[in-house]
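Structure assessment
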Amino acid sequence: MKGLPRAVKILLALFAAMTVAAVLAAAAVGVAYLYFGPQLPEAGEIGETKLNEPMRIYSADGRLLAEFGTERRLPRTFDEIPRQLVQAFLAAEDDRFYEHPGVDYQGLLRAAWHLAITGEKSQGGSTITMQLARNLYLTRERTYTRKIKEIFLALRMEAKLSKQEILELYLNKIYLGNRAYGVGAAAEVYYDKPLAALTLSECATIAGLPKAPSHYNPAENPERARSRRDYVLGRMLAQGMIDEAAHERALGEPVEVAAARTDERYSADYVAEMVRQEMIERFGEAAYTDGYEVVTTIDSERQRAANRALRRALLAYDRRHGWRGAEARLAGADLGDAEAMDRALADRPDAGGLVPAAVLDVGADRVALHTESHGTVTLKPEDIAWLGEESEATKPADLVARGDVVRLAYTGDEASPWVLAQIPAVQGALVAVDPADGAVTSLVGGFDYGLSKFNRVTQARRQPGSAFKPFLYSAGLENGFTPASVINDAPVVFDDPNLDEAWRPENYSGRIHGPTRLRQALVHSRNLVSIRLLRSVGIQTAIDHISSRFGLPADRMPRDLSLSLGSAIFTPMEMARGYAVFANGGFRVEPYFIAEIRDSRGEVLYEAEPVTVCREDCEAMTAPRAPRSADAANIYLMDSMMHDVIRRGTGRRAMSLGRKDLAGKTGTTNEQRDAWFTGYNHALVAVSWVGFDKLEPLGAGETGAQAALPMWVDFMGAALQGVPEKELPRPAGLVTVRIDPETGELAGGGDAIFETFRAENVPEDRARSGNGNDGTDANGDGGGAVEQLF
């Protein structure tokens, strides 16, 4: 190189150095690739990533009831994602996305220069493809090793996938705060709307989240979210994605969220938990991540009616039994600070629709309260049920004081929209079943799932009391008795050496009524008649009949005469299953609550095939037929008797519904520990129950008619809207004749009434047969004698 100018020598030396550096760099890249390549996914695996999707549970009419899973995700195809949302992400995260091969070398050089100048690592140079690579396959640790892996993975992804496929994966995978993964979930979580309905401002807000989802969360940090949104809008304007007018309009929009909320009126948390358990049993932990969709049998409007009816009934009971005092007290300093009060109230979420409130001021004729979500509420004395002539409290100050934390119930009444309330100590359950196939159309297992996850519909085994009697009376009809059979309603004594003292059962009223027709005994729930009926039928015979015909577990029925008064233990669901046999004319159906299970692609994995009642045109029926379990004539007669329970017996309150097709039976146990009403028409069986979990007495007068029947009436009034009235078809072999209401024998006129019998059981005309009635029952017991049973 002698004789060359000095400048040329320097250039040649630089070129040689650069060549060596390039060779060394290429060698380093090659070595790095050889080292890291085997640690990375193969090309064939790229893009095959499975996105975790939560399990979603729907009502039969398509309302979302619940989600289970650690990640909220609503995957969307690229064509379903609005163009301006895609542009917002490109502007915020990678404006050269369509120009680089997965790695933006300009960005990497900027990051390297920043490191050289400041000695600090920066986020620069991380393209959307690299972010996706990190999210899919790598950890979030900020190391050079991870960065190298990101680069190689990004290059592999760009070689395997199109830009559109990369964007689709990224926009469905990226974490956007509040457990929302992907833009579909973010639109729902922050704005409660589909992607297509997002505004430009909302698109920019969501696109600003990947950098720091918690820091820029619009629900938690609206000012930071506004700053980040404005930055994204500015980038979109600079890139020519939007014009000046659109930019200014979007800047003018407030940063607000309309977070998706489950409508508490339609809550079905107890059902959702039943579904969750069933899905875990079927699919294991994959139930939470594989995007299963479960369609239940729940009718959302009937579920809403059930929630409302149960809560109203328990609150009504609670109002009858005194004010128990405030839930808590706030410090005086907090009462002057709205934010401090909100924080304190936030620790006490709504329960059963009851809103927590802090008492601000108590006057002679008003109470001012602060609520977190409804501002200041003012109550008048008439809004406080525990004030009045029957209460020791005569003014608001007798019940509440400044600083008390109490509950409010919303009434919807314009004059008194709020009333003072308290979370009931008593509990309840309500379940409704379609008697045609057993579909559970509504189910509420307690006042509030958040307060108690114990599902009283399926888990609470309680004594049904007199609600059990129809099963016993059916056994009686099957063993020679008729609705007109006369049994003596007179005292009995049950002497058992295993008891401390003799058992002396009574009617609820404490009165005795002498010879009583079976129909009248059921209508008025006469205990002493039921005891004698069971003794005549035989305990084992009755248990066999009840178990085989109505599906009630035989092992939970005691082998003694207390069975006649409902001392067995059943769940409300089991009672609904039993009463469904009465409602559908004698067929056994099994309650079920899952109608269909679909995978994440919408393919049906399971479809329920319940046995279904068929009475006519059964050849054309494709569903499996429900087996007949009880004689049609028996069921028809029992149905007739339970209609009378509502028309003129303990269920009279149900007459307020103005329907003629309702039948059912009240139930009350000893010391009013349980209150039931179990009733039905041809389209729906519903069971309501009220009681304490710890088997405490409900209190004087809290019978099935008082505590449980109002819940049933409230529910059925809504559930049967639009359902036509229909009676059970009368089976062949029945005849209706005139009888003497006192003796149950045939009568020709006078005060005679009509009664229906099986043809072979029509009573004799004693006037012609010469047999007089001596006031005894089938066992010859006298009208007023006390009988000892053993």
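Heads up: the structure comes first, above all this text.
Bear in mind that the values here come from a model prediction, so they are computed numbers and not experimental data. (Residues numbered from 1 in each chain as written. Predicted model: local features only at pLDDT ≥ 70, side-chain atom pairs only at ≥ 80, totals over all residues. Heavy atoms only, no water.)

**Section: the overall build of the chain**
Looking only at helices and strands, the chain has 21 helices and 24 strands in total. In the chain, which comprises 790 residues, the proportion classed as buried is 51%. The contacts in the chain between residues at least 6 apart in sequence include a share of 68% that link residues at least 24 apart. Taken as a whole, the chain presents about 36200 Å² of accessible surface, with 50% of it coming from carbon and sulfur. (Helix = DSSP H or I, 4+ residues; strand = E, 2+ residues; numbered from the N terminus. Buried < 20%, exposed > 50% of the residue type's maximum accessible area, 1.4 Å probe, protein only. Contact = heavy atoms within 4.5 Å. Areas by Shrake-Rupley, 256 points an atom, 1.4 Å probe, with all protein chains shown as cover.)

**Side note on the pattern of salt bridges**
Evaluated as defined, the whole model comprises 36 salt bridges. Note that Arg56 and Glu67 form a salt bridge whose closest N and O atoms lie 3.1 Å from each other. A residue pair is termed long-range when its members are at least 10 positions apart, and Arg56 in strand E1 (residues 55–58) and Glu67 in strand E2 (residues 64–68) qualify at 11 residues. Glu67 gets classed as partly exposed once you look at its relative accessible area, which sits at 25%. Put simply, Arg588 and Glu590 hold a salt bridge, and the shortest N to O gap is 3.9 Å. (Salt bridge = Lys/Arg side-chain N within 4 Å of Asp/Glu carboxyl O.)

**Section: the sheet that holds strand E19 (residues 663–668)**
Pairing in this open sheet of five strands is antiparallel, and the strands run E13-E12-E21-E20-E19 from one edge to the other. Only two strands of the sheet have a single partner each, and these edge strands are strand E13 (440–444) and E19. Geometrically, the sheet is characterised by an average inter-axis angle of 5 degrees between neighbouring strands, direction not taken into account. In terms of strand pairing, strand E20 (residues 674–680) meets strand E21 (residues 685–691) through seven bridges, oriented antiparallel. Counted as the bridge partner of Phe677 is Ser688 from E21. Taken strand by strand, helix H19 (residues 632–648) contacts E19 and E20, and its axis lies near 65 degrees from that of E19. (Pairing = 2+ DSSP bridges. Axes fitted to C-alpha atoms, helices over the stretch in contact; angles between N-to-C directions.)

**Let's talk about the packing of aromatic side chains**
Inspection of the entire model under this criterion finds 17 aromatic pairs. Ring centres 5.0 Å apart and planes at 55 degrees place the aromatic pair Trp323 and Trp386 in the tilted group. Of this pair, Trp323 sits in the loop between helix H12 (300–319) and strand E6 (328–329) while Trp386 is found in the loop between strand E9 (375–379) and strand E10 (404–410), placing the two residues 63 residues apart along the sequence. Across the pair, exposure class does not vary: Trp323 and Trp386 are buried alike. Members of the aromatic cluster, each reached through a chain of ring pairs, are Phe468, Phe471, Phe550, Phe570, Tyr579, Phe582 and Tyr680. Taking the ring centre of Tyr266 as reference, the NZ or CZ of Arg63 above it sits at 3.7 Å. Against the face of Tyr606 rests Arg282, its NZ or CZ located 4.4 Å from the ring centre. (Phe/Tyr/Trp six-rings, centres within 6.5 Å; stacked < 30°, edge-to-face > 60°. Lys NZ or Arg CZ within 6 Å of the ring centre and 35° of its normal.)

**Re helix H4 (residues 128–137)**
Helical geometry note: an α-helix holds 3.6 residues per turn, so side chains three or four residues apart project in the same direction. Burial analysis of H4 places eight of its 10 residues in the buried class, the great majority of the element. Those residues of H4 lying buried are Ile128, Thr129, Met130, Gln131, Leu132, Ala133, Arg134 and Leu136.

**With respect to a negative patch on the surface**
On the surface, a cluster of negative charge is made up of Glu264, Asp269, Asp350 and Glu372. By the element assignment, Asp269 lies in helix H11 (residues 269–283). Residue class for Asp269 comes out partly exposed when judged on its relative accessible area of 31%. (Patch = residues over 30% accessible without salt bridge, like charges linked within 9 Å, V, L, I, M, F, W, Y side chains within 5 Å. Lys, Arg positive; Asp, Glu negative; His and termini not counted. Charge placed at Lys NZ, Arg CZ, Asp CG, Glu CD.)

**Remarks on the pairing of E2**
As judged from the four bridges shared by E1 and E2, these two strands associate in the antiparallel manner. Counterpart to Met55 in the pairing with E2 is Phe68. Linking E1 to E2, which pair antiparallel, is a turn of five residues; within it Gly62 sits at a positive phi near 90 degrees.

**A few points about unusual backbone geometry**
With a phi angle near 65 degrees, Arg179 is a residue other than glycine that sits in the positive phi range. Note on placement: Arg179 falls in the loop between helix H6 (163–173) and strand E4 (180–181). On the basis of relative accessibility, which here comes to 35%, the residue Arg179 falls in the partly exposed class. Phi is positive for Glu671, close to 60 degrees, though the residue is something other than glycine. With respect to the element layout, Glu671 can be found in the loop between E19 and E20. The exposure class assigned to Glu671 is partly exposed, which follows from its relative accessible area of 46%.

**Considerations on the side chain of Asp674**
Secondary-structure assignment places Asp674 in strand E20. At 2.9 Å, the side chain of Asp674 and the side chain of Trp689 are in polar contact. Ignoring anything within four residues of it in the chain, the contact list for Asp674 reads Arg462, Gln463, Gly667, Thr668, Thr669, Trp689, Val690 and Leu698. (Polar contact = N/O pair within 3.5 Å; in protein donor to acceptor, adjacent residues only side chain to side chain.)

**Side note on the environment of Ala432**
Mapped onto the elements, Ala432 comes out in strand E12 (residues 427–433). What makes Ala432 buried here is its relative accessible area of 0%. For the pair Ala432 and Phe715, spaced 283 residues apart in the sequence, the C-alpha separation amounts to 9.4 Å. Contact partners of Ala432, with chain neighbours within four places excluded, come to Ala439, Val440, Thr441, Ser442, Leu684, Val685, Ala686 and Phe715.

**Describing the pairing of strand E17 (residues 594–598)**
Across four bridges, the pairing between strand E5 (residues 293–296) and E17 is antiparallel. Paired with Val294 across the strands is Ile597, a residue of E17. The turn joining E17 and strand E18 (residues 604–607), which pair antiparallel and follow one another in sequence, is formed by five residues; a positive phi near 90 degrees is taken by Gly602.

**Observations regarding the environment of Met55**
Along the chain, Met55 turns up in strand E1. Given a relative accessible area of 0%, Met55 falls into the buried group. Met55 sits 11 residues away from Ala66 along the chain, and the two C-alpha atoms are 8.3 Å apart. Non-local contacts of Met55, meaning those with residues more than four positions away in its chain, are made with Ala66, Glu67, Phe68, Arg276, Met279, Ala287, Tyr288, Tyr292 and Val294.

From the geometry alone we can't say anything about function, so treat these as descriptive.
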